Amino acid sequence: MPKAESIRRKKSHKQWGSMPVSSHKKAVSSQNTVFQPVFCEFVGVLIQIHKTALGAGERIMRQMCKMAAVLFLLSGLAGLSAEAGEITDGLIAHYKFDGNASDSSGNGYDGTVYGADVDGHLSLAGSAESYAQLPHTLFDGVSNFTFSVYCRLDENYGGYLLSCAGSESGNELLLGYICYDQVWEIYHKGGGYRLDTESTLLDYDWHHVVMTRSNGLCQVWCDGVGVGSTNLVSDALVVAENGVILGQDQDSIGGGFQSQQAWRGDMDDLRIYHRVISAEERSQLGVAGDIDQDGLSNLMEVELGLDAAVSNAGSDLDGDGLLDLDEVNVYGTHLLKPDTDGDGLSDGDEVNEYNTDPLQSDTDDDGLSDGDELNTSGTDPLNADCDEDGILDGDEVANGLDPLSDNTGSDLDEDGILDGDEVANGLDPFSDNAGSDLDGDGLLDGEEVNTYGTDPLLADSDGDG
C-alpha cells in the first residue's frame, strides 16, 4: 500500500471546488479469493447490460448472459467462506438510512439528519445545510476503529465523508475525497495527509470505502483496493460533544460548514467498529460480497436501496411473480418494478405464462406491444404476422385492417395491384405503385405485376441480358 504524502494546511483556508476532469481511471477490485475480484467485474458487466435497451437482434446474446450469470453465481457461492454473514463482532453502530439515521445495531447511537433525504440512502445536497450528526461517543476515547461506508458522488465536486472535531485541535479526524486531484485526504490532530490513488469516484457509481486506525496507522481502501496509509499519533481520539458530522468539514464544533467542502451525493450502509476488521471481513462487506448470503451482491442491494444485511432470497418485493434473486441473476428484470419493459404485462406473466421477453415491450417486433397484442388486438405476441398475409400485425392495425384476417385479396392503396401480389413482389401495399417503375426497365410496376408477370424490382426478369 503506498505511503501518504504528508501535507500541512491551516483549517478551512483551502477551498475544494468544482473542477473539470478530462479522464479517469477506474479501480479494479482486489479481494482475497480468486472468485471475488472476477465476480466483481462480472457483476459490473451484467449491470451495464441490464441498463441498456436491447434490441431483438441481441436476444440470443442476452439469453446467454442470463445462463452465464446463473452458472457463475452458483460456482462463486461455492467458493465463499463458510463463515460469511453479518459481521457483528465489535460493531458499535450501523446506519441503513431507511427513513432516518437510527442505529440498527441496537447500541443506541442514533443520529440526526439535517437538510437531507433518507429514503433508503442518506442523500446530501452539497450545501452547508445538508449533513448528519452522530453521537460523539462513537469516536471519543477510541484508538482503534473501522469506518465502512458505501458512497456515491453526484458531480465533479469534492467533499468530506466524516469529520470529528476535538475540543483542542480543529480536526481531530477528517476523511474526504478531493475531486480535481482524485486523491483521498486524511486530516488528523493538526496534520493533513493526501493518499495518492488511481481509484476514482468520478464515475458517479457506488463505491465501498473503508478507513481503519490501529495504534496510529491509518489505512484507506476503495472497492477493496488499498489507496494509501499513513502513520498518525497513536493517542486516543478526543472528540467534542456534537463533534461527529457526516458530509461536512467542521470549522467549529458542530458547525462552520462551507458548501465548497460539503459532500454532494449519497451514503449508505455505514458501519463503525471499535476494532480493525480483517481483509476477509472487508471483502464480505465489499461490492462483490454478499453479507446476507441471499445471492444478491452488496453493491446491487445498495444501488437498489435495499438492506444489504437482510436476505431477499425468497422475497418478491414488486409482487410480479418472480423471486428477487431470479429477477437480478436470471432474467435481468428490475426487482422493484413489476413491469420492467412497460408493455402492460407483469414480468412474472411474461416469463411464466406468455413466454414473451420481459425486457422488450414488443417481443415479435411487429409494431404492437405485447400487452396490446394480448389485451386489445387479440394477436399472438410471438407471431409478427398472425394471418400470414405478409403484412405485419402492427401495420394492419395502424391502417384499420384486421390483423387476424387475410388481406392478400384486398387493394388497400387502390393502385390496381392486389396487396398479396404487392407483398409477393416486394412492393409496399400501402403505397400507390400503379404509375411507378421502381426497376427502371420501361414498364410500369402495375403492368409488370398484372399484365406481363415480370418482377417489378428486377429490370431483366429472365436474365437474358
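See the structure printed just above.
The structure reproduced in this document is the subject of the present report. Computed from a prediction, not measured in an experiment: that's the story for all the values here. (Residues numbered from 1 in each chain as written. Predicted model: local features only at pLDDT ≥ 70, side-chain atom pairs only at ≥ 80, totals over all residues. Heavy atoms only, no water.)

### Structural notes on the environment of A279
The topology assignment puts A279 in helix 3 (residues 279-285). Residue A279 is classed as partly exposed on the basis of its relative accessible area, which comes to 30%. Sequence-wise, A279 and G224 are 55 residues apart; in three dimensions their C-alpha atoms are separated by 8.7 Å. (Helix = DSSP H or I, 4+ residues; strand = E, 2+ residues; numbered from the N terminus. Buried < 20%, exposed > 50% of the residue type's maximum accessible area, 1.4 Å probe, protein only.)

### Structural notes on helix 6 (residues 347-354)
Those residues of helix 6 that fall on the buried side of the exposure criterion are D347, G348 and E350. In this structure, the buried residues of helix 6 make contact with helix 5 (324-331) and helix 7 (370-377). Note on helix 6: the residue one or two positions beyond its end, N355, has a positive phi of about 60 degrees. (Contact = heavy atoms within 4.5 Å.)

### So, helix 10 (residues 445-452)
Two residues of an α-helix separated by three or four positions point the same way, owing to the 3.6 residues in each turn. For helix 10, the full list of buried residues reads D445, G446, E448 and V449. Within two residues after helix 10, G453 carries a phi angle of roughly 70 degrees, on the positive side.

### Comments concerning the environment of G224
Following the sequence through the fold, G224 ends up in the loop between strand 12 (217-222) and strand 13 (225-231). Assessed through its relative accessible area of 26%, G224 is described here as partly exposed. Between the alpha carbons of G224 and R282 there is a distance of 7.1 Å; along the sequence they are 58 residues apart.

### Here's the deal with the nonpolar core
Formed by 47 residues in total, the largest nonpolar core has its most connected members in F139, F147, W184 and L246. The dominant element in this core, judged by the number of residues it contributes, is strand 6 (residues 145-153), at five residues. I87, I277, I291 and A308 belong to the second-largest nonpolar core, a separate cluster that totals seven residues. (Core = buried A, V, L, I, M, F, W, Y, C linked by side-chain atoms within 4.5 Å.)

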